[in-house]
Amino acid sequence: MLKLLQTIFLSALILCIASCTGPVEDYTTKDTLVIGTSADNPPYEFVKDGEIVGLDIDVIENIGKTLGKKIIIKNMDFSGLLPALTTGNIDAVIAGITVTDQRKQKVDFSRGYVSTSMEVMFLEKNTFQKVEDLHDKHIGVQSGTTWEIYAKSQKERFPQMKITSLPSNLILVEALKNKNIDAIIMEEVQVIKFKNKIENLNSFALNDTKGEFAIATQKASGLAEIFNKAIDKLQLEGTLYPIKTKWLSN
Ligand code: ARG
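Residues numbered from 1 in each chain as written. Predicted model: local features only at pLDDT ≥ 70, side-chain atom pairs only at ≥ 80, totals over all residues. Heavy atoms only, no water.

### Thoughts on the site of the ligand
As a reminder, the rule being used: Definition of nearness: a residue and a molecule or strand are near each other if at least one heavy atom of the residue lies within 4 Å of the molecule or strand. Think of a polar contact as two N or O atoms within 3.5 Å of one another; within protein, one of them needs to be a possible hydrogen donor and the other a possible acceptor, and neighboring residues in sequence only count if both atoms come from side chains. What sets the accessible areas is the Shrake-Rupley method with a 1.4 Å probe; for residues, cover comes only from the shown protein chains. In DSSP terms, a helix is any run of H or I states spanning at least four residues, a strand is any run of E spanning at least two, and both are numbered starting from the N terminus. Residue classes follow a fixed rule: Ala, Val, Leu, Ile, Met, Phe, Trp, Tyr, Cys and Pro count as nonpolar, while Asp, Glu, Lys and Arg count as charged, and any other residue, Gly among them, counts as polar.
Taken together, 17 residues lie around the ligand, and Asp40, Thr98, Arg103, Gln142 and Thr146 are the ones closest in. One nitrogen or oxygen atom from the main chain of Ala95 is found 2.8 Å from a nitrogen atom belonging to the ligand. In isolation the ligand offers 350 Å² of accessible surface; the protein chains occlude 100% of this area. If you list the elements that add at least two residues to the shell around the ligand, you get β2 (40-41) and α5 (146-157). Its residues assigned to classes, the shell around the ligand shows five nonpolar, eight polar and four charged.

Structure representation (structure tokens):
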């Protein structure tokens, strides 16, 4: 009995080592790529008429076309994306994900394809104009994001600030409408989109939060370099520009 248990334990351990580290694929020959996203992020990725669409989706579909690889999109919570990547459940992440030094320790990034910066969005009856005005307010952020990191750094300055992290942007927007939170931190272009759709919202910019979106891949998999060549080609051909104007214009 003990022997049997030992064998089961050992096999499980071996299986876990094999799958938990995720075998690195040969991406030059692999013809299908599974791409993780979190489709709660208009205009970058969101669900419209039951389909995942957005700027990021157009970018990755065009990269797939250029490389002659089929793209399969897998939707999950944002906080699960990088863990899924490191365990090899997905080949890459495109999700309006900002390049940071901390993330670079765990994953590789392609070159940036969009510049961005953060904003604070709130109900217009409030007259917030700067972070200091939020010193005792309740801020909502999406779990696992740079927005959450920014909010936590502000809480260190303002201990009375309250922060709630939730898995989805869409739930956060509902919480704001229902006055369960006072403000949300997200990307400036998203704020424009939400303001266009929902009445009585206002926002201010967080000037010190410039960043860049890139595609995250497994470390040392070679896929980031493959994506870079495709991004360069799309840029040269003039394919990226119309995608951006299509989704970023109002
Ligand atoms: N840009 C932020 C980050 O990298 C938030 C991204 C959220 N993306 C999403 N699809 N919900 O952390």
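Structure shown, so let's carry the discussion forward.
### As for the side chain of Glu148
In plain terms, the rule: Whether two residues are in contact is decided by their heavy atoms: any pair within 4.5 Å suffices.
Within the secondary structure, Glu148 is located in helix α5. In this structure Glu148 touches Val141, Gln142, Ser143 and Ser165, once residues within four positions along its chain are discounted.

### As for the packing of aromatic side chains
What counts, and what does not: When the centres of two rings from Phe, Tyr and Trp lie within 6.5 Å, Trp using its six-membered ring, the rings pair. Their planes under 30 degrees apart give stacked, over 60 give edge-to-face, and anything left gives tilted. Note on classification: 1.4 Å probe, protein chains only; a residue is buried when its accessible area is under 20% of the maximum for its type, exposed when over 50%, partly exposed between these limits.
Going through the model one piece at a time under the given rule, you end up with five aromatic pairs. Relative to Phe213, the ring of Tyr44 has its centre 4.9 Å away and its plane inclined at 85°; by these criteria the two rings are edge-to-face. Of the two residues, Tyr44 sits in the loop between β2 and β3 (45-48) while Phe213 sits in strand β14 (residues 211-213), which places them 169 residues apart along the sequence. Its relative accessible area of 0% is what places Phe213 among the buried residues. Ring geometry for Phe46 and Trp247: centres 5.9 Å apart, planes at 85°, overall edge-to-face. Taken as a pair, Phe46 in strand β3 and Trp247 in helix α9 (residues 240-248) lie far apart in primary sequence, 201 residues in all. For the pair Phe46 and Trp247, a shared accessibility class is recorded, and that class is buried. Clustering of aromatic rings is evident, with ring pairs tying together Tyr44, Tyr113 and Phe213.

### A word on helix α6 (residues 169-177)
Our working definition: An arc is given here, and it is the one of the directions from the helix axis to the C-beta atoms.
Looking at α6, one finds that the buried residues are Asn169, Leu172, Val173, Ala175 and Leu176. Viewed end-on, α6 has its buried residues packed into an arc of 160°, placing them on one side of the element. N-capping of α6 is provided by Ser168, with a side-chain oxygen placed 3.0 Å from the backbone N of Leu170. Positive phi appears at Lys179, one or two residues downstream of α6, with a value of about 65°.

### Examining the sheet that holds β3
Basically, it comes down to this: The criterion for strand pairing is that DSSP finds at least two bridges linking the strands in question.
As summarised here, the arrangement of the three strands in space is β2-β3-β4, forming an open sheet in which the pairing is antiparallel. Of all strands in the sheet, those bounded by a partner on one side alone are β2 and β4 (51-53). Summarising the sheet, β2 and β3 pair through two bridges and their orientation is antiparallel. Residue pairing for β3: Asn41 is matched across the bridge by Glu45.

### As for the packing of helix α2 (residues 55-67) against α9
Keep this limit in mind: Here an axis means a line fitted to C-alpha atoms, over the contact stretch when the element is a helix, while the angle between two N-to-C directions is reported on a 0 to 180 degree scale. Here roughly perpendicular refers to angles of 65 to 115 degrees, roughly parallel to angles under 35, roughly antiparallel to angles over 145, and oblique to all remaining angles. Here a crossing is taken to be left-handed if its near helix is turned anticlockwise relative to the far helix by less than a right angle, and right-handed if that turn runs clockwise.
Two elements in contact, α2 and α9, have axes separated by 9 Å at closest approach and are oriented at 160°. With respect to α9, the axis of α2 lies roughly antiparallel. Here the hand of the crossing between α2 and α9 comes out right-handed. Listed contacts from α9 to Leu55, Asp58, Val59 and Asn62 of α2 are Leu240, Ile243, Lys244, Lys246, Trp247 and Leu248. When the residues that make up the contact of α2 with α9 are grouped by side-chain class, the tally is six nonpolar, one polar and three charged.

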